[in-house]
Amino acid sequence: MALICPHCRGALQPVGTAYRCALDHSFDVAKEGYLSLLHGRQKGDGRGDSKAMILARDRVHRAGVFAPLVAALAALPLTPPPHSVLELGCGEGFFLGHLARTPGIATSYGLDLSVDAVKLAAKARQASLILRADLLQPLPFADASLDLVVSIFAPRPLAEIRRVLAPGGHALFVHPHAGHWQELRAFVPLAGIGAEKPGATDLTGFTLVTERNVTEKRPLTRALLADLVEMSPSIHRLTREGGDWRSLLPETLEATLAVRVALYRKG
Ligand SMILES: C[S@@+](CC[C@H](N)C(=O)[O-])C[C@H]1O[C@@H](n2cnc3c(N)ncnc32)[C@H](O)[C@@H]1O
């Protein structure tokens, strides 16, 4: 078992409906099926993406909007094949479902801070262990215990990813390009795609295996356009400003999915 206790860093073992370490720190599996490793002041429901954001993303994924990205991920040269995978910021578990079906994967974990995300992910991804945890804290995994760590549109704690990856293990990152949904930006003032945060690019100890752009026009209905806005971080500002951004949306739009996929090997 790769999981470790966030208090004492000892191995966690499943005991009934909880996970426990040798020092008897105990973490319950929620009735919805996810394991919460939040403790003390980290607890509280209002963190990570909101329920409305999670449900909007779920509708977008069910409509297949990100199908070109799914295909690109499936075509990545993962050798040797990984046996375990962790998705950081897994949301409601759409990509985790695909990753868990990668040939050779026996164990899969999804981790997210949002209570609404982990509830949905635990229901949809019963073959995976879904964790509620903060990925900006030390990851609850033993050193060199995982073969593949993935971050898709989510934070990337590089030092921790390096620590938990086995030698030769892979890190897979997906982030948006400047042109991502640019046609939609002509209608609704979405935040620009920011430059990398300082320190986010310290890839010491990783070797780039492959990097590719996935750029494809997607036909989108008004409802899906609204969901793309609703699931974006800009929704917080748009809601605060109180304007009727939905009325700005066209009936249909061909908009460009533009993301970069980068695969690294540890060592
Ligand atoms: C843009 S969403 C991406 C979700 C999923 N990877 C996808 O692409 O469908 C980012 C996710 O990261 C989660 N997240 C943000 N900050 C986090 C943190 N500090 N710890 C854990 N999860 C976090 C959010 O709750 C959200 O589900």
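Here, the structure is the one placed above.
Definitions and cut-offs
- Residues numbered from 1 in each chain as written.
- Predicted model: local features only at pLDDT ≥ 70, side-chain atom pairs only at ≥ 80, totals over all residues.
- Heavy atoms only, no water.
- Pairing = 2+ DSSP bridges.
- Helix = DSSP H or I, 4+ residues; strand = E, 2+ residues; numbered from the N terminus.
- Axes fitted to C-alpha atoms, helices over the stretch in contact; angles between N-to-C directions.
- Buried < 20%, exposed > 50% of the residue type's maximum accessible area, 1.4 Å probe, protein only.
- Polar contact = N/O pair within 3.5 Å; in protein donor to acceptor, adjacent residues only side chain to side chain.
- Contact = heavy atoms within 4.5 Å.
- Phe/Tyr/Trp six-rings, centres within 6.5 Å; stacked < 30°, edge-to-face > 60°.
- Parallel < 35°, antiparallel > 145°, perpendicular 65-115°, else oblique.
- Left-handed = near helix turned anticlockwise from the far one by under 90°.
- Nonpolar A, V, L, I, M, F, W, Y, C, P; charged D, E, K, R; others polar.
- Near = heavy atom within 4 Å.
- Areas by Shrake-Rupley, 256 points an atom, 1.4 Å probe, with all protein chains shown as cover.

Looking now at the sheet that holds strand β1 (residues 13-15). Strand order in the open sheet made by the three strands is β1-β2-β3, with antiparallel pairing throughout. Both edges of this open sheet fall to β1 and β3 (26-28), since each of them pairs with a single strand only. The mean inter-strand angle of the sheet, taken between neighbouring strand axes irrespective of direction, is 30°. Two elements, β1 and strand β2 (residues 18-20), share three bridges in a ladder whose sense is antiparallel. Note that in β2 the partner of Val15 across the bridge is Ala18.

Along the polypeptide, Glu230 turns up in helix α7 (residues 222-230). By relative accessible area, Glu230 is classed as buried at 16%. A polar side-chain atom of Glu230 sits 2.6 Å from a polar atom in the side chain of Arg246. When near neighbours in sequence (up to four residues on either side) are disregarded, Glu230 contacts Ala52, Met53, Ala56, Ile235, Trp245 and Arg246.

Our focus in this paragraph is the packing of aromatic side chains. Evaluation of the coordinates by the stated rule reveals seven aromatic pairs. Arranged with centres 4.9 Å apart and planes meeting at 75°, the rings of Phe94 and Phe95 form a pair that is edge-to-face. Centroid distance Phe173 to Tyr264: 5.8 Å. Interplanar angle 50°. Geometry classified as tilted. Remark: Tyr264 occurs in strand β11 (residues 252-266) and Phe173 occurs in strand β9 (residues 165-176); sequence separation between them is 91 residues. Exposure class is identical for Phe173 and Tyr264. Each is buried. Members of the aromatic cluster, connected to one another through ring pairs, are Phe66, Phe94, Phe95, Phe153 and Trp181.

Before going further, it helps to spend a moment on the packing of helix α1 (residues 51-62) against α7. α7 packs onto α1 with a crossing angle of 135° between their chain directions and a minimal axis gap of 8 Å. With respect to α7, the element α1 is oriented oblique. You can see that α1 and α7 cross each other, and the crossing is left-handed. Only Leu224, Asp227, Leu228 and Glu230 of α7 make contact with α1, whose side of the interface consists of Ala52, Met53, Ala56, Arg59 and Val60. Here the contact of α1 with α7 is composed, by residue class, of six nonpolar, no polar and three charged.

What follows deals with the site of the ligand. Taken together, 18 residues lie near the ligand, and Asp49, His61, Gly89, Asp112 and Asp134 sit nearest. One of the backbone nitrogen or oxygen atoms of Leu113 is found 3.2 Å away from a nitrogen atom of the ligand. In the model, a nitrogen atom of the ligand is placed 2.9 Å from a nitrogen or oxygen of the Ile152 main chain. Starting from 600 Å² of accessible surface for the ligand in isolation, the protein chains cover 88%. Considering only residue class, the shell around the ligand consists of eight nonpolar, five polar and five charged.

Positionally, Leu38 belongs in the loop between β4 (35-36) and α1. For the pair Leu38 and Arg132, spaced 94 residues apart in sequence, the C-alpha to C-alpha distance is 6.6 Å.

The buried count for strand β5 (residues 84-88) comes to five of five residues, which makes it a mostly enclosed element. Residues Ser84, Leu86 and Leu88 of β5 are buried on one face, and the alternating residues Val85 and Glu87, pointing to the opposite face, are buried as well. Bridge count between β5 and strand β6 (residues 107-112): five bridges; the pairing is parallel. Each bridged residue has a counterpart across the sheet, and for Glu87 the counterpart in β6 is Gly110.

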